[in-house]
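Spelled out from the first residue to the last, the chains are:
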Amino acid sequence: MHFSPVSTGFFKQQKNLRKWGAPTVADLDQDGWPDVLLNEHGFGVRVIWNNAGTYSDAQDLLMGDSHGTSVADFDRDGLLEVIVARGGGSGKNARNSIIYRVGKDRTFTRIEDFPEPLLKMRGRTVQFADLDHDGTADLLNFAFPSLGTRGDSENYLYRNAGDGTLALAGRLQAKVRGDGQRTLITDIDQDGRQDLLLYGHGPISLHRGNGDFQFSEVTAQRLPEAYTHVTSALELDFDNDGDFDIVLSRAHGFESGDTFYDAETQVFGFYARRGGFAFDLESGDLLQLVNYQSPWPHKQLYLGESAYKLPLPGETHSGKTLNLVNSDSLGWPDMRERQGLHAGYIGNRTWRIGGDIWSPTSGVVKGITKKPGLGDATSKEPPANVLLENRDGVFVDVSAEKGLGAGLNSTGVVVADFDNDGYQDLVFIQRGNLISAIHGEVFLNQGGERFARAESHNVASGDLGAWGLGGIALDFNKDGKQDVLFGNERGKWHLHENATDNGNRSLTIDVAGPVLGDVSSDVSGGTVLDGLVKVTACGNRQIRRVGESGAGYERGFNRYLHFGLGDCVGPVQVDASWTNGRGNSRVIDGENLQGNFTYVLQEQSAN
């Protein structure tokens with residue numbers, strides 16, 4: 001198993017920026033190539049267009065504070081729409097989500113608010129889904145809880161009214177805190193209704209769909225534990241028994257005052273928030289500050305005993321790398337009245353950096369010749385990732401026995417059949433330690449029996465001062481292999497092409513192909529979102545859902561469903577079932593399966 005980093009197009013040159021969630025994948029312009037929406041948190045939502053296997057420079061869609069994104073043709077006009085959840089300015093600027101219509105010429109048109117607008121909130125999660133199974137896309141629109149709600153749910157459910165609008169249908173009665181709006185849409189008991197798993201740093205909760213936008217919490221009855229510190233939750237059928245299992249990635253975040261030091265590279269990293277801090281660092285005449293970041297309005301840098309405000313060149317949203325000279329930074333201020341980072345040379349080859357800050361502040365300093373006399377990062381045991389096997393609608397924790405019991409501090413998980421052997425594998429994105437390369441952890445599925453850790457896979461990134469976030473799988477160049485796209489918080493986006501060459505075949509099912517003309521007259525007679533496609537080949541059966549979320553805030557609409565076939569040469573049975581009750585069945589003859597084959601489901605095959 002081997003991946004190669006892509007360094008062309010958008011990925012050739014990026015800035016170190018804050019991120020939100022995971023990428024959202026959809027063929028927005030319907031040209032047959034998967035495009036990607038990226039969220040540079042606090043800066044804006046951007047799209048990178050796929051130009052036949054090469055991604056363009058980023059096009060800005062919406063500037064400012066935004067969070068989740070989701071894609072569907074909710075108004076059935078043949079064009080896809082993108083909804084963006086806007087942040088609420090820490091509760092001081094509640095706003096509603098914005099919807100854009102995407103033209104096939106790559107233009108975006110903002111859709112006016114409905115007569116009854118989407119509610120204003122501190123927006124977090126938006127996910128299109130056909131919750132009432134009428135063939136149209138409804139909406140989950142979940143908010144960070146506001147103080148004024150006094151504990152009432154702000155997890156709003158919107159029904160597609162069928163006239164180009166979305167109407168409030170109810171609320172998911174789930175009490176969440178912090179980042180607990182992250183949501184996995186799945187089906188725990190194969191009754192055809194979507195069920196919802198909500199997760200975050202607090203305890204997860206599972207809600208079984210009853211129909212008509214009603215849900216019942218079944219956490220205690222269906223889960224072995226209300227896991228905490230969950231960073232992503234994805235469904236998969238790891239043992240190919242026909243039902244959906246669940247994998248959870250888990251991690252501890254940094255705590256204020258955490259520091260890291262590597263004596264070999266002489267690199268020091270720090271993280272602080274909501275209080276005072278000071279670090280004395282031995283580096284000589286020069287202080288080499290790398291990727292210093294602190295969100296507005298506390299990003300300013302002050303030098304020496306006078307706390308001189310250092311002008312920062314250019315925009316200040318991205319990380320700053322600066323060389324500070326001792327003669328310009330002598331002494332340390334008696335009073336630190338302004339929030340931001342202070343730096344001063346205090347003699348004997350030693351610098352002091354610190355401050356009184358509120359916003360999360362981080363950075364790296366190079367050339368530190370002696371380990372600072374500080375405590376290391378908070379020594380918490382990293383939590384183990386979790387594999388939950390579905391046994392008749394009740395989940396059993398099989399993590400340890402399946403080879404996933406080690407603690408890893410994983411900030412995201414990506415599910416796909418990376419080696420095309422017919423079983424879904426796992427890539428865990430790692431948090432890292434600010435001062436060294438972030439290496440992913442790849443676990444290959446051993447025929448549904450267990451997972452084995454892969455070595456020398458090359459899923460890694462070298463962003464100093466950053467930590468891992470969320471990712472997604474896609475076949476960006478349509479070579480029949482699943483690639484990995486992930487982001488680093490306060491770092492860059494990284495696309496790794498799957499360069500594995502083991503001779504295995506694959507089958508890609510296009511559920512909204514250009515043969516149909518547009519996405520509103522697709523194979524289902526309605527939306528294909530939440531449709532299930534099953535492939536049976538050489539005795540092995542696999543299942544995939546249309547619509548995936550890598551971090552729980554967003555939901556993509558990747559029309560290309562990927563199935564590894566191993567050395568199977570067919571025939572292949574394809575069975576699709578859609579939320580409106582219709583279905584498709586086809587047999588693909590072995591003579592049509594040449595290498596990595598794409599098959600377009602066609603409307604006339606509906607039964």
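For the structure itself, look to the data block above.
Source: prediction; values computed, not measured. (Residues numbered from 1 in each chain as written. Predicted model: local features only at pLDDT ≥ 70, side-chain atom pairs only at ≥ 80, totals over all residues. Heavy atoms only, no water.)

## Here we look at the overall build of the chain
Formally: For the purposes of this entry, the term helix denotes a DSSP run of H or I that reaches at least four residues, the term strand denotes a run of E that reaches at least two, and both are numbered from the N terminus. Both definitions apply: the radius of gyration is a C-alpha atom measure, and the globule rule equals 2.2 Å times residues to the power 0.38. Residue exposure (1.4 Å probe, protein chains only): buried if accessible area is under 20% of the type maximum, exposed if over 50%, otherwise partly exposed. Any two residues having at least one pair of non-hydrogen atoms within 4.5 Å are treated as being in contact.
Scanning the chain from N- to C-terminus turns up 1 helix and 47 strands. The C-alpha atoms of the chain give a radius of gyration of 25 Å, which matches the 25 Å a tight globule of 607 residues would have. Across its three principal axes, the chain shows a C-alpha extent of roughly 80 × 55 × 50 Å. Within the span of the chain, comprising 607 residues, buried residues form 60% of the whole. For the chain, contacts bridging at least 24 residues in sequence account for 60% of all contacts bridging at least 6.

## Some thoughts on the sheet that holds strand 18 (residues 230–236)
Basically, it comes down to this: Here, strands pair whenever DSSP counts at least two bridges between them. Where helices are involved, their axes are fitted lines through C-alpha atoms of the stretch in contact, as for all axes, and angles between N-to-C directions lie from 0 to 180°.
Sheet architecture is open: 4 strands sit in the order 18-19-30-31, paired in antiparallel fashion. Lying at the two open borders of the sheet, with one neighbouring strand each, are strand 18 and strand 31 (394–397). The average undirected angle you get between the axes of adjacent strands in this sheet is 25 degrees. Of the strand pairs in this sheet, strand 30 (residues 386–391) and strand 31 are connected by 4 bridges, and their pairing is antiparallel.

## What to know about the nonpolar core
Here is the rule: Only buried residues count toward a nonpolar core. Its members are Ala, Val, Leu, Ile, Met, Phe, Trp, Tyr and Cys residues joined through side-chain atoms within 4.5 Å. Just so you know, the domain bounds were taken from an automatic or database domain assignment.
Among the nonpolar cores identified, the biggest contains 55 residues, and Leu507 and Ile509 are the most heavily contacted of them. If you count residues domain by domain, this core takes at least three from each of domain 1 (3–252 + 380–498) and domain 3 (505–602). Every residue in contact with Leu507, bar those within four places of it in the chain, is listed here: Val535, Leu561, His562, Phe563, Leu565, Val572, Val574, Ile588, Leu593, Phe597 and Tyr599. In terms of nonpolar packing, the next biggest core, distinct from the first, is built from 24 residues, Leu322, Leu324, Ala343 and Trp351 among them.

## What to know about the pattern of salt bridges
To keep things clear, this is the line we draw: Salt bridges are defined by distance alone: a side-chain nitrogen of Lys or Arg within 4 Å of a carboxyl oxygen of Asp or Glu.
Under the definition given, this model contains 26 salt bridges. A salt bridge links Asp179 to Arg182; the shortest N-O distance between them is 3.8 Å. Arg182 sits in the buried class, given a relative accessible area of 13%. Across the salt bridge formed by Arg545 and Asp530, the nearest N and O atoms sit 3.4 Å from each other. Of this pair, Arg545 sits in strand 43 (residues 540–545) while Asp530 is found in the loop between strand 41 (505–510) and strand 42 (532–537), placing the two residues 15 residues apart along the sequence. Residue Arg545 is classed as buried on the basis of its relative accessible area of 10%. Shared partners join several salt bridges into a network, and the residues in it are Lys19, Glu40, Arg46 and Asp60.

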